[in-house]
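The lines below spell out each chain.
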Amino acid sequence: MRKALLAIGMGLTVQGAWAQQVALSGVAGGKALVHIDGAAPRFMSPGQAHQGVRLLSTQGDSAVFDINGQRQVLRVGDAPVSVGRYAPDQDAGAQRIVLTADAMGHFMPAGQINGRSVQFMVDTGATMVILSEADAQRIHLDYSKGRKVNINTANGSVIGHQLRLDSVRVGAAQVHGVDAVVLPQAMPYVLLGNSFLTRFQMQRTNDQLTLDRRF
């Protein structure tokens with residue numbers, strides 16, 4: 001496995017999509033820690049609005065939002081919800097994803113595997129999507145039925161399990177039937193490799209990486 005692109009991307013926007021993605025990361029002191037469209041999380045107080053998302057109230061590990069005029073109840077740890085005038089087609093999704101790099105020039109979008117939230121790192125050197133056994137277990141991915149494969153890493157050779165993911169989503173762009181490998185060692189992020197990336201035409205300009213869907 002070639003060296004991954006490291007660090008944290010500070011923003012993600014989706015062009016050509018009509019839905020806005022919102023996730024609740026935590027509730028503390030009556031405030032909600034909110035991810036909006038994959039950007040860095042921010043605390044919001046009841047009555048506060050940001051990018052069309054208004055926090056109405058919090059209670060326990062849940063919060064009530066007004067998202068583009070629609071009332072939504074979110075709970076900590078749930079998969080992000082996409083809300084807009086109408087949702088993009090489940091199979092086609094967004095036509096374009098625009099990732100914005102952090103100060104170190106790296107990209108790290110939030111996303112979903114099989115409808116469950118994960119934190120990706122873009123890795124153009126990885127052949128497939130690569131995740132740890134811990135992440136696979138957390139999202140209830142049964143990797144034990146996958147084909148055993150020998151993977152060479154920086155720390156030596158390990159046995160992984162190769163399988164096909166039902167879906168991988170970044171923003172409003174969703175791809176079905178994505179090859180992945182689950183590795184036994186701990187990993188801080190899920191590597192977003194070429195089994196997803198090659199479904200798009202990639203172009204980097206300054207601090208932005210644009211992915212246009214291939215047809």
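Residues numbered from 1 in each chain as written. Predicted model: local features only at pLDDT ≥ 70, side-chain atom pairs only at ≥ 80, totals over all residues. Heavy atoms only, no water.

### So, the confidence of the model for the chain
Defined as follows: The predictor reports its confidence for every residue as pLDDT, a score running from 0 up to 100. Contacts: residue pairs with any heavy atoms within 4.5 Å of one another.
Looking at the chain, pLDDT values average 80 and 83% of them are 70 or higher. Contacts from residues 84-92, a stretch scored under 50 in pLDDT, to residues over four places away or in other chains number 20 contacts.

### Some remarks on unusual backbone geometry
Here is the rule we go by: By definition, any uninterrupted DSSP run of H or I lasting at least four residues is a helix, any uninterrupted run of E lasting at least two residues is a strand, and each is numbered from the N terminus.
Positive phi outside glycine occurs at Asn-114, with the angle close to 50°. With respect to the element layout, Asn-114 can be found in the loop between strand S11 (110-113) and strand S12 (116-122). One non-glycine residue, Asn-206, lies in the positive phi region at around 55°. Summarising the element assignment, Asn-206 is placed in the loop between strand S18 (200-205) and strand S19 (208-213).

### Side note on the pattern of salt bridges
Should the charged atoms of two oppositely charged side chains come close, the side chains can pair. Inclusion rule: Note on definitions: salt bridges are taken to be side-chain nitrogens of Lys or Arg within 4 Å of carboxyl oxygens of Asp or Glu. Throughout, exposure labels follow a simple rule: accessible area from a 1.4 Å probe, protein chains only, divided by the maximum for the residue type, with under 20% read as buried, over 50% as exposed, and the rest as partly exposed.
Under the definition given, this model contains 4 salt bridges. Here Asp-212 and Arg-96 are joined by a salt bridge, their closest N and O atoms 2.5 Å apart. You can see Asp-212 sitting in strand S19 and its partner Arg-96 sitting in strand S10 (residues 96-100), a full 116 residues away along the chain. With relative accessibility at 24%, the residue Asp-212 sits in the partly exposed group.

### A look at the packing of aromatic side chains
Inclusion rule: Stacked, edge-to-face and tilted labels apply to pairs of Phe, Tyr and Trp rings (six-membered ring for Trp) whose centres lie within 6.5 Å, assigned for plane angles under 30 degrees, over 60, and everything in between, in that order.
This structure, assessed with the given rule, holds 1 aromatic pair. Seen from their ring centres, Phe-196 and Phe-200 are 5.2 Å apart, and the 40° between their planes marks the pair as tilted. Grouping residues by exposure puts Phe-196 and Phe-200 together as buried.

### Considerations on the nonpolar core
The criterion, for reference: Here, nonpolar core means buried Ala, Val, Leu, Ile, Met, Phe, Trp, Tyr and Cys residues that are tied together by side-chain atoms lying within 4.5 Å of each other.
Among the nonpolar cores identified, the biggest contains 30 residues, and Ile-113, Val-129, Leu-131, Leu-192 and Phe-196 are the most heavily contacted of them. Within the residue set of this core, elements represented by two or more residues are S10, S12, strand S13 (129-132), strand S15 (156-170), strand S16 (173-183), strand S17 (190-192), helix H2 (194-197) and S19. The element that contributes the greatest number of residues to this core is S16, accounting for 5 residues. Residues in contact with Phe-196, not counting those within four places in the same chain, are Val-129, Val-168, Val-170, Val-175 and Val-178.

### So, the sheet that holds strand S8 (residues 70-75)
Convention followed: Any two strands are treated as partners once DSSP identifies two or more bridges connecting them.
Pairing within the open sheet is antiparallel, and its 4 strands lie in the order S5-S6-S7-S8. Each end of this open sheet is capped by a strand with a single partner; those strands are strand S5 (49-50) and S8. The pairing of S5 with strand S6 (residues 53-59) spans 2 bridges and is antiparallel. Across the sheet, the residue bridging to His-50 is Val-53, located in S6.

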